[in-house]
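Chain and residue survey
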2 protein chains.
Amino acid sequence: MDIPNIDSVRAAAGRIAGHVHVTPVLRSAFMDALSGAELFFKCENFQKTGSFKARGACNAVFGLPREQHSRGVATHSSGNHAQALSYAAGRLGIAATVVMPSDAPRSKQNAVAGYGGRIVPCEPLNRARVETLERVIAETGSEFVHPYNDSRVIAGQGTCALELLEQSAPLDAVVAPIGGGGLMSGSCVTLSSLSPGTEIYAAEPEQADDAFQSLKAGHIVRMDRVRTVADGLKTSLEPLTWHFISRCVTGILTVSEQEIIGAMYRILERMKIVVEPSAATPLAAILGNPDRFAGKRIGVILSGGNVDLDRLPALSPAHTSAG
Amino acid sequence: MDIPNIDSVRAAAGRIAGHVHVTPVLRSAFMDALSGAELFFKCENFQKTGSFKARGACNAVFGLPREQHSRGVATHSSGNHAQALSYAAGRLGIAATVVMPSDAPRSKQNAVAGYGGRIVPCEPLNRARVETLERVIAETGSEFVHPYNDSRVIAGQGTCALELLEQSAPLDAVVAPIGGGGLMSGSCVTLSSLSPGTEIYAAEPEQADDAFQSLKAGHIVRMDRVRTVADGLKTSLEPLTWHFISRCVTGILTVSEQEIIGAMYRILERMKIVVEPSAATPLAAILGNPDRFAGKRIGVILSGGNVDLDRLPALSPAHTSAG
């Protein structure tokens, strides 16, 4: 395995500059009071393509050898990486093909098409994704850019924590969502090198707690057909992300669907910003573990804002435990 | 009438500093492409209490003579001024009583209570508000701080355009929503003095077009029982705001309910920020009048973000004309 390090992250930061935003860090007096902590919200919902995934995709695409350009790139993704790869390819003027589960949110499908990506639908199973992608690659010669089990992608995602440290250090802890583990792995690379005293927490839906189960078992536990409102967090760890998760993460905190929706609702109502359910899991984890976080300076990565607005009725306070 | 001028606005800016935010101006490549203009979004949805109304309320409250403090302040409001006055009074430790129509959004009622304001409900008619308020004032001796027909309030609202000019000048035009006309009047004071070449447009719901009708008739036209999703824009002009609207406004642009909801939906989806329907009317007006705005630098005042999230199903793209 090609294990990325802090030099990979710094190189990525240089490679993607000008193609992605340095996203702002927002504070909220309300959220500080609610959590008893000092929260620094890193707003990747304002990132190009609406999520942190633009970082890793740009790093992978802009580093391609010139002879690969004509054959393009391909991936499978539940959505945000698909948009990000389409965006990155579009900036370079090369083709992107994305294998996407047929139940992916409409807004994400529209966005991929809007960035010029070609969508190949598949059944919403991890195995179906992989098989369909293999066919695409055999047909096109595209370079596979995995959504997270890819050193280039992890190095790109590590630029998020790099900026967060520059904007808000010192931090006692950083909390980020975990799906396949790309954002967490990139955060591990950056934080363990530049701020080794900062605790690193992953927030995960109870209903898709494969990372939590993996850490408990000591090896990768895979799940299929998981159901959670946090659609970006359904994927399982792979060897490269397991490398970092098993070594660097302080803890994995699981949260209920109610807690995710409640946290998302509070962010919308009080901070006036749109985040997707996956992005609300860190706040849910912080609010669910006050003893662990009270009094500390916490970086909270709001990973994305690509929510399907026609699914928002689920946010109604009548459906949540939010007071 | 006590007509505020640019000195009143500057004095207000000094009086309220530290109690309200200097809100950011956001850009959006998508919105620029959609409109054909350069749009500078002044984010009063991020303002204290969730709307620009904090500016005027703070200016009125912090300028009160000391002997009035024990008797407090009172107002009638469909919501945002109520929150703002409660907040301002709370900062000073004095009482605020707000007469609020019984159909005001739940989130606004909760927020008033959260800031320590006392709510006295009334029927959702302009006349009922006034009569109930007169009773409250007779009982308490509170100082009436009108939501817009008040020189102190207008001067406070003028600080929004003052900041916008500092952040984004030169501007060819500024577009803001019009309800009772407080924000527009404050914008008129500031812009006509500091940037007389900037055109000033008011955006108004077709279904609550009293300002448009007033300008056409040459005198204040009042409406009662209007229905619009832009609940902050149901109020009618009063002499002090009519003074400015009739003299300084370049034009009033009316927009349909569909256009308001579509603009709000686009802001949520593409800019990832929460705005209330009233705040989306300027973008709706810009998108509905491309010939007037294309190629220009336009300040767009996103007046507030206090939307009842359980009313958001109306935002579903299936219900809008948004493509």
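So, how was this worked out
Residues numbered from 1 in each chain as written. Chains lettered and ligands numbered in written order. Predicted model: local features only at pLDDT ≥ 70, side-chain atom pairs only at ≥ 80, totals over all residues. Heavy atoms only, no water. Helix = DSSP H or I, 4+ residues; strand = E, 2+ residues; numbered from the N terminus. Contact = heavy atoms within 4.5 Å. Buried < 20%, exposed > 50% of the residue type's maximum accessible area, 1.4 Å probe, protein only. Pairing = 2+ DSSP bridges. Axes fitted to C-alpha atoms, helices over the stretch in contact; angles between N-to-C directions. Lys, Arg positive; Asp, Glu negative; His and termini not counted. Salt bridge = Lys/Arg side-chain N within 4 Å of Asp/Glu carboxyl O. Polar contact = N/O pair within 3.5 Å; in protein donor to acceptor, adjacent residues only side chain to side chain. Disulfide = S-S within 2.5 Å. Arc of directions from axis to C-beta. Buried area = accessible area lost by both parts, 1.4 Å probe. Parallel < 35°, antiparallel > 145°, perpendicular 65-115°, else oblique. Nonpolar A, V, L, I, M, F, W, Y, C, P; charged D, E, K, R; others polar.

**So, the environment of isoleucine 298 of chain A**
Residues and elements named next belong to chain A.
- Position of isoleucine 298 among the secondary structure elements: in strand β10 (residues 297-302).
- Along the sequence, isoleucine 298 and tryptophan 242 sit 56 residues apart, while their C-alpha atoms lie 24 Å from each other.
- If we skip the residues at most four places from it in the chain, isoleucine 298 touches Ala37, Glu38, Leu39, Phe40, Leu171, Ala173, Val175, Ile286 and Phe293.

**Notes on the pairing of strand β3 (residues 73-76) of chain A**
Residue and element names in this part refer to chain A.
- Neither face of β3 is exposed, since Val73 and Thr75 on one face and Ala74 and His76 on the opposite face are all buried.
- As judged from the four bridges shared by β3 and strand β4 (residues 96-101), these two strands associate in the parallel manner. Its bridge partner lying in β4, histidine 76 is registered against valine 99.

**As for the sheet that holds strand β5 (residues 118-122) of chain B**
Residue and element names in this part refer to chain B.
- Across the sheet, which stays open at both edges, the four strands sit in the order β5-β4-β3-β6 with parallel pairing between neighbours. For this open sheet the edge positions go to β5 and β6 (143-144), each flanked by a neighbour on one side alone.
- Across five bridges, the pairing between strand β4 (residues 96-101) and β5 is parallel. Bridged to threonine 97 within β5 is arginine 118.

**So, the sheet that holds strand β1 (residues 25-26) of chain A**
Residue and element names in this part refer to chain A.
- Spatially, six strands are ordered β1-β2-β10-β7-β8-β9 in an open sheet, and the strand pairing comes out mixed. Whereas interior strands pair on both sides, the edge strands pair on one side only; in this sheet they are β1 and β9 (251-255).
- Alignment of strand β2 (residues 38-43) against β10, held across six bridges, turns out to be parallel. Bridge pairing in β10 links glutamate 38 to arginine 297.
- Of the strands in this sheet, β7 (173-177), β8 (199-205) and β10 touch helix α8 (residues 182-194), which is tilted by about 175 degrees from β8.

**Quick look at the side chain of lysine 272 of chain B**
- You can see lysine 272 of chain B is positioned in the loop between α11 (257-271) and α12 (277-288).
- No salt bridge is formed by the buried lysine 272 of chain B, whose closest oppositely charged neighbour, glutamate 269 of chain B, lies at an N-O distance of 6.7 Å.
- Within polar-contact distance, the side chain of lysine 272 of chain B engages the backbone oxygen of glutamate 269 of chain B at 2.8 Å.
- Those residues in contact with lysine 272 of chain B that sit more than four places away from it in its chain are Asn45, Phe46, Gly50, Ile273, Val274, Gly305 and Asn306 of chain A together with Ile267 of chain B.

**What to know about the pattern of salt bridges**
- For the coordinates displayed, the defined rule picks out 21 salt bridges over all chains.
- Where glutamate 44 of chain A meets arginine 55 of chain A, a salt bridge forms, and the shortest distance between an N and an O atom there is 2.7 Å. Here glutamate 44 of chain A, found in the loop between β2 and α3 (53-62), pairs with arginine 55 of chain A, found in helix α3; they are 11 residues apart in sequence, far enough to count as distant. When sorted by exposure, glutamate 44 of chain A lands in the same class as arginine 55 of chain A, which is buried.
- The salt bridge partner of glutamate 131 of chain B is arginine 127 of chain B, with a shortest N-O separation of 4.0 Å. Placement of the pair is glutamate 131 of chain B and arginine 127 of chain B together in helix α6 (residues 126-140), with a separation of four residues, close to one helical turn.
- Look at glutamate 131 of chain B and you get partly exposed, because its relative accessible area is 48%.

**Re the state of the cysteines**
Residue and element names in this part refer to chain A.
- As enumerated under the stated definition, the model contains zero disulfides over all chains in all.
- A disulfide-free cysteine, cysteine 58 has its sulfur positioned 14 Å from the sulfur of cysteine 160, the nearest such atom.
- Using a relative accessible area of 0% as the deciding quantity, one classes cysteine 58 as buried.

**Focus: unusual backbone geometry**
All names here are of chain A.
- Note that the residue after alanine 169, namely proline 170, is joined by a cis bond; omega there is 0 degrees.
- Relative to the helices and strands, proline 170 resides in the loop between α7 (151-168) and β7.
- Even without a glycine there, the phi angle at threonine 49 is positive, about 65 degrees.
- Summarising the element assignment, threonine 49 is placed in the loop between β2 and α3.

**Looking at helix α9 (residues 210-217) of chain B**
All names here are of chain B.
- When α9 is considered as a whole, its buried residues turn out to be Asp210, Ala211 and Ser214. Buried residues of α9, seen end-on, are gathered within an arc of 95 degrees and therefore sit on one face of the element.
- Those residues of α9 that are buried are in contact with β8 (199-205), α10 (239-248) and β9 (251-255).
- Positive backbone phi, approximately 85 degrees, marks glycine 218, located one or two places after α9.

**Points about the interface of chain B and chain A**
- If you look at the interface, chain B gives 21 residues, while chain A gives 21 residues.
- Interface of chain B and chain A: buried area, both sides summed, is about 1,700 Å²; carbon and sulfur atoms make up 66% of it.
- Counting the surface chain B buries against chain A, the share from its top three residues, Lys272, Val274 and Leu309 of chain B, is 37%.
- For the interface between chain B and chain A, the tally reads zero salt bridges.
- Where chain B meets chain A, there are six residue pairs in polar contact (both at pLDDT 80 or more).
- Residue assignment for the side of chain B that touches chain A shows that the elements contributing at least two residues are α5 (106-114) and α11 of chain B.
- Of the residues forming the side of chain B that touches chain A, the biggest block, five residues, is contributed by α11 of chain B.

**A look at the packing of helix α11 (residues 257-271) of chain A against helix α12 (residues 277-288) of chain A**
Residue and element names in this part refer to chain A.
- The interhelical angle for the contact between α11 and α12, taken along N-to-C directions, is 100 degrees, at an axis separation of 7 Å. With respect to each other, α11 and α12 are oriented roughly perpendicular. Together, Glu259, Ile260, Ala263, Met264, Arg266 and Ile267 of α11 and Pro277, Ala280, Thr281, Leu283, Ala284, Leu287 and Gly288 of α12 make up the contact between the two elements.
- Taken together, the residues that form the contact of α11 with α12 break down as nine nonpolar, two polar and two charged.

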